[in-house]
Amino acid sequence: MQEIFENIVDTNYMEVMDVVIRSLISLITLFLVTKMLGKKQVSQLSLFDYVIGISIGNFAAEMTINVDSQYMNGIVSVVIFGLVAYIVSIGTMKSIWMRRYFMGTPTIMIQNGKLLEANMKKVHFDVNDLLEECRGNGYFDLSEIEYAIMEANGTLSILPKAEYKPLTVKDMQVKKEKQGLCANVVIDGKLMPNNLKNINKDKKWLMQQLKVKGYQELDNILLATIDVNDKVTIFERNTEAEIKDVLE
């Protein structure tokens, strides 16, 4: 305990402040570079994107912790890698060759219900890896799969055999309802007037619908939505006493 106290007393607070400033600069730089690269950098990492992301993260960490290095060295490194990634992303949108080289191409793992061992070796996949990916997609029996394709970003896409495909509305020949996005008209007990206006409704109409469902005020409503068929769906606020956890 005394040793910990002595370490706190001997701490160089000027150096700590320097790390705080470096951390903020690093965070701002990373945020701006990520904004430049776009959402694909976050949601769909190709091999090239992965390398760029790891490198940028290392540069940012070094700039933050290594107080002997200059701010500008880390900033320039992050920006340069970000610019290269941005230029490559523009090039891959315009050139099929660049897209195939930097982003890769899909690989067929199962074709006509048969495992393609040669292709599995190309992507360094063994049978257990394939089984795990199939289970993750909801298929525990490979005999139900017609095609399985390893996408360029590493995800496995599966086409089931005809007899194992889920029924669709077309197959059942039932009347289809119009579909579209739901409008959030009440959030956290507060009315969203712009959303109401965008679906050609007003507060008076909404309050009438809520009264029919037994709601006089908005306070007890966590979320209320309206779909394209004018169906109002309400989600009430819950108290802790009402929550029964079955996953502990």
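Residues numbered from 1 in each chain as written. Predicted model: local features only at pLDDT ≥ 70, side-chain atom pairs only at ≥ 80, totals over all residues. Heavy atoms only, no water.

1. Digging into the packing of aromatic side chains
To describe a pair of aromatic rings, one takes the distance between the centres and the angle between the planes.
Part 1: Per the counting criterion, the structure on display carries 1 aromatic pair.
Part 2: Its guanidinium or amino end placed over the ring of Trp205, Lys201 lies 4.5 Å from that ring's centre, counting from NZ or CZ. (Phe/Tyr/Trp six-rings, centres within 6.5 Å; stacked < 30°, edge-to-face > 60°. Lys NZ or Arg CZ within 6 Å of the ring centre and 35° of its normal.)

2. Structural notes on the pairing of strand β1 (residues 107-111)
Two faces, one strand: in a regular strand the side chains alternate between the faces of the sheet.
Part 1: Strand direction decides the pairing type here: β1 and strand β3 (residues 145-150), joined by 4 bridges, are antiparallel. By the bridge assignment for β3, Ile108 is matched with Ile149.
Part 2: Bridging between β1 and strand β2 (residues 114-115) involves 2 bridges; their strand directions are antiparallel. Each residue of the ladder has a partner; that of Gln111, found in β2, is Lys114.
Part 3: Two successive antiparallel strands, β1 and β2, enclose a turn made up of 2 residues, where Asn112 displays a positive phi of approximately 55°. (Pairing = 2+ DSSP bridges. Helix = DSSP H or I, 4+ residues; strand = E, 2+ residues; numbered from the N terminus.)

3. Comments concerning the sheet that holds strand β6 (residues 190-191)
Part 1: Pairing within the open sheet is antiparallel, and its 4 strands lie in the order β6-β5-β7-β8. Here the strands that pair on one side only, and so sit at the sheet edges, are β6 and β8 (232-236).
Part 2: Where strand β7 (residues 221-226) meets β8, 5 bridges bridge the pair, whose relative direction is antiparallel. Its bridge partner lying in β8, Leu223 is registered against Phe235.
Part 3: Lying over the sheet, helix α11 (residues 203-212) contacts β5 (183-187), β6, β7 and β8, oriented at roughly 65° with respect to β8. (Contact = heavy atoms within 4.5 Å. Axes fitted to C-alpha atoms, helices over the stretch in contact; angles between N-to-C directions.)

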